[in-house]
Amino acid sequence: RLSVVALISGGGSNLQALIDAQAAGLPIRIVAVISNRADAPGLDRARHHGIPAEILSHRDYPDRETYDADLQRLIDRHDPGLVVLAGFMRILTPEFVNHYRGRMFNIHPSLLPKFRGLHTHQRALDADETEHGASVHFVTAELDGGPIILQARVPVLPEDDAATLAARVLEQEHRIYPAAVGWFAEGRLKLGEDGRPWLDGEPMPEP
Ligand code: GAR
């Protein structure tokens, strides 16, 4: 089983999807959940399933470098094979990101490369998109810019607001995140030397 450390900042519904997938037989073991916010509801999801839940508050640190250095130490104590960002709402230093090259995933609520950063659902509405979605990608130093592993598309409906659109996207996130993690856990997925994701020995086509 692949040992996984999950980083969260909030509700942790993607964490829950991974916990559920593990229970359903995905060959992973979530060994720790770390939040930068003490009040993240996702921490209770971890505790409820007997997963160590740790808090490392960014407020206790003077800068990003010292926070990320401690975060790295905390993560590496668990010696994970994969780090998953599951609604972890922090920009990461290049040192941190490079340390986990090829073994850190993020899920982002847009069809990347569209709408990097925050407020993706409102921005998709404002841009009159007819389609929106979510992306799982390897994390690189470029914010929300790493190689894309898997995307899910949803329609944007005329009556949508940011909340209804977010809910439709989130449902898809809960499907594609465990799927991508499963490929990695089964040894089918790697980040190639060429910077592209490789699945089953073949470079993946750009989405
Ligand atoms: C998810 O929609 C995730 O894609 C997004 O935050 C939400 C977390 O929900 N992540 C980002 O915006 C990363 N920049 P969750 O806590 O219920 O999994």
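Residues numbered from 1 in each chain as written. Predicted model: local features only at pLDDT ≥ 70, side-chain atom pairs only at ≥ 80, totals over all residues. Heavy atoms only, no water.

Colleague: So, the pattern of salt bridges: which residues are in play, and what are the values?
Modeller: Counted under the stated rule, the structure contains eight salt bridges. Residue arginine 73 is joined to aspartate 70 by a salt bridge in which the shortest nitrogen-to-oxygen separation is 2.4 Å. Remark: aspartate 70 and arginine 73 occur in helix H3 (residues 64-76); sequence separation between them is three residues, near one turn of the helix. In this structure arginine 73 comes out as exposed when scored by relative accessible area, which is 52%. Two residues, glutamate 186 and arginine 188, come together in a salt bridge whose shortest N-O distance is 3.6 Å. Note on glutamate 186: relative accessible area 45%, which makes it partly exposed. Exposure remark for arginine 188: the relative accessible area of 32% places this residue in the partly exposed category. Connected through salt bridges with shared partners, the residues Glu186, Arg188 and Asp200 form a single ionic network. (Salt bridge = Lys/Arg side-chain N within 4 Å of Asp/Glu carboxyl O. Helix = DSSP H or I, 4+ residues; strand = E, 2+ residues; numbered from the N terminus. Buried < 20%, exposed > 50% of the residue type's maximum accessible area, 1.4 Å probe, protein only.)

Colleague: Now, about the sheet that holds strand E8 (residues 189-191): what can you tell me, with residues and values included?
Modeller: Read across the sheet, three strands follow the order E8-E9-E10 without closing on themselves; strand pairing throughout is antiparallel. One side of each edge strand has no neighbouring strand; the edge strands of this open sheet are E8 and strand E10 (202-203). Summarising the sheet, E8 and strand E9 (residues 197-199) pair through three bridges and their orientation is antiparallel. Note on E9: the bridge partner recorded for leucine 191 is proline 197. (Pairing = 2+ DSSP bridges.)

Colleague: Tell me about unusual backbone geometry, and please be specific about residues and values.
Modeller: Put simply, leucine 112 and proline 113 share a cis peptide bond, and its omega is 10 degrees. As for its position among the elements, proline 113 is in the loop between strand E5 (104-108) and helix H5 (120-126). The residue aspartate 200 is not glycine, and still its phi comes out positive at about 50 degrees. Tracing the backbone shows aspartate 200 in the loop between E9 and E10. Relative accessible area serves as the criterion here: at 47%, aspartate 200 is assigned to the partly exposed category.

Colleague: So what's going on with the sheet that holds strand E4 (residues 82-85)? Residues and values would help.
Modeller: Sheet strands associate in pairs through backbone hydrogen bonding, adopting either a parallel or an antiparallel arrangement. Spatial ordering of the open sheet is given by E3-E2-E1-E4-E5-E6-E7, a layout of seven strands whose pairing is mixed. Because the sheet does not close on itself, it has two edges, and the strands there are strand E3 (53-55) and strand E7 (148-155). On average, adjacent strands in this sheet sit at an angle of 20 degrees to one another, irrespective of strand direction. One ladder, built from three bridges, connects E4 with E5; its direction is parallel. Within the sheet, the bridge partner assigned to leucine 85 lies in E5 and is asparagine 106. Across the face of the sheet, helix H1 (residues 13-23) comes into contact with strand E1 (2-8), strand E2 (28-35), E4 and E5 while running at roughly 160 degrees to E2. (Axes fitted to C-alpha atoms, helices over the stretch in contact; angles between N-to-C directions. Contact = heavy atoms within 4.5 Å.)

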